[in-house]
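What follows is each chain in one-letter form.
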Amino acid sequence: MASLDWEAPAVSPLPVFAADPKAEQISLVRTIGERLREARELCNLSQSVAAQRLGYANPSKLSKVEGATDTQSVPLWLIARAAQLYEVSADYLLGLSDDWEAGASRGVSGWLLDSWERARRNDLELLAALHRRVGAVTAHLPAVTDGARQVEDAAQAFRHLNPDFDDRKGSARLLASG
């Protein structure tokens, strides 16, 4: 008879929640309020416009939710609507994730921020190189300007010393370029 060496698969332990649900409620309401405000500001919406789009007649209730002044209730429909309006995940609004992007797999927001930061640094390096080049050109401009004046003065002196200069071949072209 075969031995039964079967082991039960490892089960992750169930979470243990805080003993004080009221404190947890207050903390969650504050998190939701902060995240709603952040998401609204990311969308460049005023509280009045956001409240109207979310279905409130005036911004006072949204203000209470964002300020966490009413720690007893945050309507579930508000979280669902805000996630759609602000295009963020409900997990972000609830504080379960720092990834604010809706529909993106976990970690994408961090990847996007890292990519944006690399592109920003690259842009700054390019701007610094351009600044150095503009500085080098600017440093030589007085000498170039002075040289151009000397050439113009020499051409005028040559013209003055050669009365038939205007009648010579190519003189009109030379005068036009000066």
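Let me begin by describing the structure that accompanies this report. (Residues numbered from 1 in each chain as written. Predicted model: local features only at pLDDT ≥ 70, side-chain atom pairs only at ≥ 80, totals over all residues. Heavy atoms only, no water.)

Comments concerning helix α2 (residues 47-54)
Turning to α2, its buried residues number three or more, namely A50, A51 and L54. The buried residues of α2 all sit within an arc of 100° when viewed along its axis, so they share a single face. Those residues of α2 that are exposed and angled more than 90 degrees off the buried face are Q52 and R53. Those residues of α2 hidden inside the fold are in contact with α1 (21-42), α3 (60-67) and α4 (76-86). (Buried < 20%, exposed > 50% of the residue type's maximum accessible area, 1.4 Å probe, protein only. Helix = DSSP H or I, 4+ residues; strand = E, 2+ residues; numbered from the N terminus. Arc of directions from axis to C-beta. Contact = heavy atoms within 4.5 Å.)

Quick look at the nonpolar core
L36, L54, L62, V74, L78, Y86 and L93 are the most contacted members of the largest nonpolar core, which has 21 residues in total. Every element with two or more residues in this core is listed here: α1, α2, α3, α4 and α5 (90-94). Here this core gets five residues from one element, more than from any other, and that element is α4. Discounting chain neighbours no more than four positions away, the residues touching V74 are V29, I32, V65 and I79. (Core = buried A, V, L, I, M, F, W, Y, C linked by side-chain atoms within 4.5 Å.)

Quick look at α4
Where α4 is concerned, the buried positions are L78, I79, A82, A83 and Y86. Summarising the axial view, the buried residues of α4 lie within an arc of 130°, below the 170-degree limit, and thus occupy one face. α4 presents L76 and Q84 as exposed residues on the side facing more than 90 degrees away from its buried surface. At its buried positions, α4 is contacted by α1, α2, α3 and α5. Once α4 ends, the next one or two residues include E87, with phi positive near 55°.

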